[in-house]
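# Tertiary structure, described
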Amino acid sequence: MQRIDRVDVKGKRVLVRVDFNVPLAEGTVTDDTRIRAALPTIEFLRNNGARIILMSHLGRPKGEGFEEEYSLAPVARVLSRILGEPVAFAPGTTGAEVEQLSASLEDGGVLLLENLRFDAREKKNNEEFAAELAKLADIYVDDAFGAAHRAHASVEAITRLLPSYAGFLLDLEITTLSALLEAPKRPFVAILGGSKVSDKIKIIDALLEQVDTLLVGGGMCFTFLKAQGYEIGKSLCEDEWQEGALELLQKAVDRGVQLLLPIDIVQAAYFGEDAPTKICTIDEMDSAMMGLDIGPATSELFARAISSAKTVFWNGPMGVFEMKPFESGTKTVAKAVATLQDATTVVGGGDSVAAIKVYNLQDQIGFISTGGGASMQLLEGTPLPGVEALR
Ligand code: AMP
């Protein structure tokens, strides 16, 4: 994989796949993190006189043409404000008008195309669509780590049609995440949470090969606890994964990894900001209630394990942190990771990143991945189509 700064881009039209899949509310970008994450590549290209054509997906449109709520037009306005330069916006992704806009770019100029997923051919990795996109440029750059686990036309097929390079963000994501699996400073503590074991089984399996300690919280801990014979009441559970959970517990023993599960739980009868809660140890859970957060003793246990770490990887909240009564475990873990000094800390995508932002700790985290699914897949050891295509 070659990074874009290996080539002379002056006067070249460079088609850059970015991940501008940002949250929007009534046409306003509510979090510009993903736009800012692409700046190193965009600034490099501008400073070196490239003509920049940016393309991205946004949300899940039907793939039958324009849909206002998924338009990238608001993103063009935000990018223009950040760059302090006009950003031209193309009403589509291919065709004569877009080709004309691309051809009229000046050195250092920036054009953003409309949502790639308005065309159903994008997700089908369609060669013709890729060829129409390729017509717009001389060079292709992939800087969309968040989309690297998808074999889509703007990520995969296009690399067969143009000289293709990695952008700075894609390169940094891969280097940082791969380093976790290669030579992590020890102790290496991984923290996994979130709702489903089935989503995380492969990554737990892979991390057990690397880590010294694995902390498991969130809804997925209940499949482990049930498999160990505990009453879990109405808590989330994937019964078909109980055996898999037991195998992972055995693998941890075999490899000498300390795998910690909750020792106490915050329970409630229903989801809600006003739900009365009950804290109990794991052997006295109420069969009529749900476990919605790790308890205070577990939070303390996990925080202590994190405090001695030299490398931390965190993915997934410890409880339903979106609601006050069940946020404590996630908040404690977030703070424990953020207060570490002299340690490599990596938070991998999705809800754990959202939690870090809610508690305003983003500046105290070493690296926050922009790709939830892609970071999981990379750490699981499953090849990423977007990365393989560049190799
Ligand atoms: P995931 O997308 O798998 O990372 O899961 C994130 C979601 O898991 C968040 O929306 C949390 O509210 C939810 N979650 C975390 N802990 C629990 C729990 N104990 N019961 C139900 N949902 C949970």
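To start, this report covers the structure provided alongside it. The model shown is predicted, which means the values in this text are computed figures rather than measured ones.

## Some remarks on the nonpolar core
Leu113, Phe145, Ile158, Leu214, Phe224 and Phe313 are the most contacted members of the largest nonpolar core, which has 66 residues in total. The element that contributes the greatest number of residues to this core is helix H7 (residues 197-207), accounting for five residues. In this structure, Val22, Ile52, Val75 and Tyr165 belong to the second largest nonpolar core, which totals 31 residues.

## Quick word on the layout of surface pockets
By volume, the largest pocket amounts to about 570 Å³. Around the largest pocket, the lining is made up of 35 residues, and of these Gly194, Ser195, Lys200, Pro317 and Asp351 lie nearest the centre. When contributions to the lining of the largest pocket are tallied by element, the ones reaching two or more residues are H7, helix H8 (221-227), strand S14 (290-294), helix H12 (350-358) and helix H13 (372-380). Of the residues in the lining of the largest pocket, the class split is eleven nonpolar, 17 polar and seven charged. In this model, the second largest pocket occupies a volume close to 470 Å³. Along the walls of the second largest pocket sit 24 residues, with Arg34, Val353, Lys357, Ser369 and Thr370 positioned nearest its centre. Ranked by residues supplied to the lining of the second largest pocket, first place goes to H12 with five residues. Of the residues contributing to the lining of the second largest pocket, the split by class is nine nonpolar, nine polar and six charged.

## A few points about helix H5 (residues 127-134)
Buried residues of H5: Phe129, Ala130, Leu133 and Ala134, and no others. Taken down its axis, H5 places every buried residue within 140° of arc, on the same side. On its buried face, H5 sits against strand S1 (13-17) and strand S4 (51-55). The N-capping residue of H5, defined by a side-chain oxygen 2.8 Å from the backbone nitrogen of glutamate 128, is asparagine 126.

## Focus: the site of the ligand
The ligand sits among 15 residues. The nearest are Ser195, Gly219, Gly291, Glu322 and Asp351. Between the ligand and glycine 219 there is a distance of 3.1 Å, counted from a nitrogen atom to a backbone nitrogen or oxygen. With respect to the ligand, the backbone of glycine 291 contributes an N or O atom lying 3.0 Å from a nitrogen atom. Relative to its unbound accessible area of 510 Å², the ligand is 80% covered by the protein chains.

## What about the sheet that holds S14?
Strand pairing in a sheet relies on backbone hydrogen bonds, with the paired strands running either antiparallel or parallel. As summarised here, the arrangement of the three strands in space is S13-S12-S14, forming an open sheet in which the pairing is antiparallel. Edge positions in the sheet fall to strand S13 (277-281) and S14, since each has one partner strand and no second. On average, each strand axis in the sheet is tilted by 40° relative to the strand beside it, whichever way the strands run. Here four bridges tie strand S12 (residues 264-268) to S14, and the two strands are oriented antiparallel to one another. From the neighbouring strand, glutamine 267 faces S14, where its bridge partner is glycine 291. Helix-sheet contacts for helix H10 (residues 296-307) involve S12, S13 and S14, and the interaxial angle to S14 is about 35°.

So, how was this worked out
Residues numbered from 1 in each chain as written. Predicted model: local features only at pLDDT ≥ 70, side-chain atom pairs only at ≥ 80, totals over all residues. Heavy atoms only, no water. Core = buried A, V, L, I, M, F, W, Y, C linked by side-chain atoms within 4.5 Å. Buried < 20%, exposed > 50% of the residue type's maximum accessible area, 1.4 Å probe, protein only. Helix = DSSP H or I, 4+ residues; strand = E, 2+ residues; numbered from the N terminus. 1 Å grid on protein atoms, 1.4 Å probe; cavity = no way out; pocket = protein on both sides within 12 Å on 5 of 7 lines; lining within 4 Å. Points joined across faces, edges and corners; volume = space filled by probe spheres on them. Nonpolar A, V, L, I, M, F, W, Y, C, P; charged D, E, K, R; others polar. Arc of directions from axis to C-beta. Contact = heavy atoms within 4.5 Å. Polar contact = N/O pair within 3.5 Å; in protein donor to acceptor, adjacent residues only side chain to side chain. Near = heavy atom within 4 Å. Areas by Shrake-Rupley, 256 points an atom, 1.4 Å probe, with all protein chains shown as cover. Pairing = 2+ DSSP bridges. Axes fitted to C-alpha atoms, helices over the stretch in contact; angles between N-to-C directions.

No statement about biological role is implied by the geometric values presented.
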